[in-house]
Amino acid sequence: DIWAGGGTVMAWIYPYSIGGGDLGRIFDKSSGWISYLQSESGGGCELKIETPFSGTNGGWSLTNKDITIGEWNHLAWSQLDLAEAKIYVNGVRKDVTADSTPTGIVSSDSGQILYIGNRADGARGFHGIIDEVFLYNRVLTATDANGDADEGDTLTGGEIYKNYKHGLGRHS
């Protein structure tokens, strides 16, 4: 139940394309929350996220094609209850478009399996690399999520966000 009371998901992704069915999954909790890539053009693509609520599910996408194909992208997605999702790409908060406005309360996902890089039926494979996945059962502050993704940050509560240096398609 990462979203009960607020949560954050972070990862590095290196997409080669938008993936299976043009909806390559980064994270998928089946009938729970999901994130995937869509609408590739000009070397970029959109990130789409969905979160289940007891009324209407919430859905948001990046307003611009802020995910770069063929490069490392650091993603951070934070959300608290009915609040708009906050998405950071490479340490910068990005504009999001509400595709559907949530109503009710966040639905429990505790009995569902988290798939990384696909969904349960295997039809939406992420075409690329997903690395350094972090899940937090709290909303990170803007400083935590918006720090320089290349240099890393020390997070509150004693959690350490690793110091990343990347080049030649690798983290070291």
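Residues numbered from 1 in each chain as written. Predicted model: local features only at pLDDT ≥ 70, side-chain atom pairs only at ≥ 80, totals over all residues. Heavy atoms only, no water.

(A) Inspection of the environment of G91 at higher detail. Looking at the element boundaries, G91 is found in the loop between β8 (86-89) and β9 (92-94). Put simply, G91 and L75 are 16 residues apart on the chain and 7.9 Å apart in space, counted from C-alpha to C-alpha. (Helix = DSSP H or I, 4+ residues; strand = E, 2+ residues; numbered from the N terminus.)

(B) Local environment of the packing of aromatic side chains. All chains considered together, the criterion is met by 6 aromatic pairs. Measuring from ring centre to ring centre gives 6.4 Å for W12 and W72, while their planes differ by 85 degrees; the resulting arrangement is edge-to-face. With W12 in strand β1 (residues 7-15) and W72 in the loop between β6 (67-68) and β7 (73-79), this residue pair connects regions lying 60 residues apart in the sequence. W72 shares its class with W12; the two are buried. Between the aromatic rings of F134 and Y136, the centroid separation amounts to 6.2 Å while the plane-to-plane angle is 5 degrees, which identifies the pairing as stacked. (Phe/Tyr/Trp six-rings, centres within 6.5 Å; stacked < 30°, edge-to-face > 60°. Buried < 20%, exposed > 50% of the residue type's maximum accessible area, 1.4 Å probe, protein only.)

(C) Expanded view of the pairing of β7. Counting buried residues along β7, 7 of its 7 residues qualify, which places the element largely inside the surrounding structure. By the alternation rule, side chains of β7 split into N73, L75, W77 and Q79 and H74, A76 and S78, which are all buried. Pairing between β1 and β7: 7 bridges, direction antiparallel. Bridge pairing in β7 links T8 to S78. Of the pairings in the sheet, the one linking β7 to β8 comprises 4 bridges and is antiparallel in character. From the neighbouring strand, A76 faces β8, where its bridge partner is Y88. (Pairing = 2+ DSSP bridges.)

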